[in-house]
Each structure stands twice: as structure tokens, then as C-alpha cells.
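# Working through the structure, step by step
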Amino acid sequence: MIDRYTQSRALLKRAEKSLAGGVSSNVRRGDKPVPMYFDSGTGSRLFDVDGNEYIDYVLGRGPLILGHTNAEVIEATCRQLWMGQVYAAQHEGEIKLAEAIVRLVPSAERVRFGISGSEAVHGALRLARAFTGRELIVKFAGQYHGWLDNILYSLSPPPGAGEEGVAESRGQFPARESHIAVLPWNDTEAVGSYLSKHGHQIAAIITEPVMCNTAVIEPKPGYLQFLREITSRYGILLIFDEVITGFRLSIAGAQGHYGIRPDLSIFGKAVANGLPMSVMAGREDLFALIASGQVGHGGTYNSLPPAIAAGVATLGILERNDGEVYQKLQETGTALMEGIRDRAAKMGVPVIVQGHASIFFVGFPLPGKERVPIVDYKTSLGTDNDLYAHFVSAMADNGVRIIPRGNWFLSAAHTLADVEETLAAVEESLAQVVVPYYSAVGSAR
Ligand code: PMP
């Protein structure tokens, strides 16, 4: 068989002598079929150093809502770069972007800018603890809120783990019961019962409003409303981590889509279409603690001028023509989701396709788990990760780049023609690895 990735393999080998593990983020080590090296991207397409072209559904793991190298965003960024890269001081652009976010996101009365989602989450947790005078943070199993010590717990806890936080990394501070508790998502009873015992110790409940980091699970009807009401009752702050859903599900994020007003929100990724930018947003009375300097928040690169310029340009496009971008995402995403279901059904293999048009999950159930709906972390363990990894490699061979964890990101640059081409690759890849797998399992039964 021809190796389509010889240059990537060679660069990885070279990189391993200077970069730890050959990569700059641990998750990239797990890319399939190999950690690839890229030359360039444009629109929906990405080109690797071996000369392979891909329709890209990784999209920088979320930021590229308008696709690679959107001309308007690049022009705005370059114009700013020639006027200065970093001032570490005020500039009018940051006011423009703050004003746009305050106007577009109803819960955002005040904002602060940062660079990564992880640090913005860190800031929001600090603010919540300061405001409430309480220490305990509640998160949900299977959710990811960045790689920092205070919250990197229980993304993939062992099955059967309880409320204690399970550290994801060696070297992390051990999870203390008084600092972090982990509950199952989409489970009103679990939250109600935990809060009836510990409600008055909890500073904040942090949640992805759609569980994008595990199987893109939607909240059950009324679940977010329930979280809103019960947190208010106990004086707990509700934090929405909208790093993925922000400016993707709607111009007002998941909170706009579901009509819930959290106390604090975190945005990142799509806000600047690929330039580094994160946002803490929320109630004015909370941000008064930052405004007065009682709660520390800083950063040399906060409100980085080129990233702000990219953000202003991106939101300008997203707002244009009555949300034309979102209508397009809806149309192409729905066609893609339905097309994948349809192809799998025709070929007689089970597939799970769930989520939203602009961010959805594809997975294959473990044999025997075909009828178990994925509603939380526990039920997400019923998918066959090894089989999906083989599918991801086959898709790359067939010209489509997807994330091994199963989430597919869509951009406004993707067209219905891209969808058709992608579905042909899906059909080919199903035939190559998925059909033989299930028929082997079936005949072994
Ligand atoms: N929160 C969520 C929901 C995320 O998906 C991520 C990153 N994937 C983060 C926070 C961390 O953001 P960053 O990688 O920019 O630090």
C-alpha cells in the first residue's frame, strides 16, 4: 500500500529531537493516521506537506467558523499588524469588540479579553469564588474546560468514579473535596440531591451548555433551565463555558439558542476565526470586583490588537444579512448529518450522528450497545473508539480530515458540493473499515 504521509512521518521524527513528543499540544499526538504537518489552508480545504488535500472538519478544533484564511478577516488582521502587534495598553478596537459582544450576548454586561479559553475559565472560577466567598466548584463528568490545574478533572474518569475529581494529569494538585465535585450531566436528580447537601458551599457550577467535548450531547429539554433555577436558589453562580458553542450555535451562543441567561460565560475559538482570543463575560456586579482590582486579572497579550481586529471583522461577518452564515451552516450541516445517517443505513451499519448542524458527533456503537442513547459521560462509553480511529484514518486516505474524538466542526466556507464529496468519502470509508467490522462481529455472535 502507498504511504501517503511519508513527509509528515519524517518531520515528526525530526521534531521529536527538539519538541517534546514532536508536537506542541498533547492531544495532537493522537491525530490519525499520523500527526500530520500542514502547509496551508483555504476555505474548507487544508493541504499537507505530502501534497494531500483535505476537506477539513477539524478547523483548528473549532475556531474557523468562516473557514481557513477568510479574506476579510486576514485583511483586517494584517492592517492592524502593520500598525503594531502588541501595545499592552488600551486601543479603540477593544472597545468596539466589547461593545459588539455586550450588544449580541444578552448575559454579557461586562467583558474582559484574554488569549486562551483555559485562562478565561481560570479567571471566571476565581471571580466566582471571590464573589460568593465559597470554594467549591461543581463540574460535570466528560466536560473539558481547559488544561489548567484547577479544573482539569474527570474528562475521562474511570467508569464508576464518584463525585471526587479525577486528575487528568500527573503533577496536578490532587482534587480536594472542598474544591471540586463532579456530577453526571443531564441528570437533574444528581444535581438536586448534591445541592441539598452542599448547596451553600458551592461558588459555581460550570457547564458546557452542549456537551461538545464528549459526543456533542444536547441538554435534555428543561435541563439548562433547571440549572438556572436551582443555582439561583442556592446563591450559586452558573457559568456557561461557551468556548466551542459561542458564536457557533448562534450569534448569542448556546445561551441565545436555548434562551438561558448564565451569570458568567467564557468564549474563545470562533470569536476571532483563528486568531488567539478568549472572553470572560457576565454580570456587571461580578465584574465590579475585577474593575476595582480586588480580583486579579492580567496578561501581556490581553486584547492583542491583531486578534481584536480579527474579532471585530469576524463578528461583523457573522452579524451580516440577518445571520446568513448561520442559515448556511444549518443547511450544509443538516445535509451532512442526514447524509451520513443515510449512507450508513443503506450499508447496514449502525451509526450515531447527534448534535447541531455546526458542531456534531459521529460514532459507532459497541456491538450490543446499538440502542443506548448517549445522554451523558457514562452512556458515551458505549461507542467504539478503536473502530472510529480506523474510520478517521480511512477518511484521511479518502481526502477528509476529522477529529478522532468524533466531533465534526463545520464552517461557512463549506458548500453543498463539499458535503457531496465528503459523503462519497464516508461511503468509501464505511465500506473499507466499518462494514467488514460489524459483519465479522455479527458472524462471531
Ligand atoms: N473550554 C472548552 C469547552 C473547550 O472545548 C476548550 C478547548 N477545546 C477550552 C475550554 C480550553 O480552551 P483553550 O484550548 O483555548 O485553552
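## Some points on the nonpolar core
Core analysis: the biggest nonpolar cluster contains 60 residues, and I101, F247 and W408 have the highest contact counts within it. Elements with a minimum of two residues in this core: α2 (71-81), α3 (92-104), β4 (110-114), β10 (278-282), α9 (305-347), β12 (359-363), α11 (385-397) and α12 (416-444). For this core, the element with the highest residue contribution is α9, accounting for 14 residues. The two domains that each donate at least three residues to this core are domain 1 (6-68 + 322-441) and domain 2 (86-303). M211, A215, I352 and I374 belong to the second largest nonpolar core, which has 41 residues in total.

## Overview of the pattern of salt bridges
A side chain of one charge can pair with a side chain of the opposite charge if their charged atoms are brought near each other. Tallying each qualifying case throughout the model produces 19 salt bridges. A salt bridge links R343 to D342; the shortest N-O distance between them is 3.6 Å. Note on D342: relative accessible area 32%, which makes it partly exposed. A salt bridge links R343 to E427; its shortest N-O distance comes to 3.0 Å. In this pair, R343 is assigned in helix α9 and E427 in helix α12, connecting sequence segments 84 residues apart.

## A closer look at the pairing of strand β11 (residues 352-356)
Counting buried residues in β11 gives four out of five residues, a clear majority hidden from the surface. Where β11 meets β12, five bridges bridge the pair, whose relative direction is antiparallel. By the bridge assignment, G355 is partnered in β12 with F360. Between the antiparallel neighbours β11 and β12 lie two residues.

Reading the values: the criteria
Residues numbered from 1 in each chain as written. Predicted model: local features only at pLDDT ≥ 70, side-chain atom pairs only at ≥ 80, totals over all residues. Heavy atoms only, no water. Core = buried A, V, L, I, M, F, W, Y, C linked by side-chain atoms within 4.5 Å. Buried < 20%, exposed > 50% of the residue type's maximum accessible area, 1.4 Å probe, protein only. Helix = DSSP H or I, 4+ residues; strand = E, 2+ residues; numbered from the N terminus. Domains from an automatic or database assignment. Salt bridge = Lys/Arg side-chain N within 4 Å of Asp/Glu carboxyl O. Pairing = 2+ DSSP bridges.

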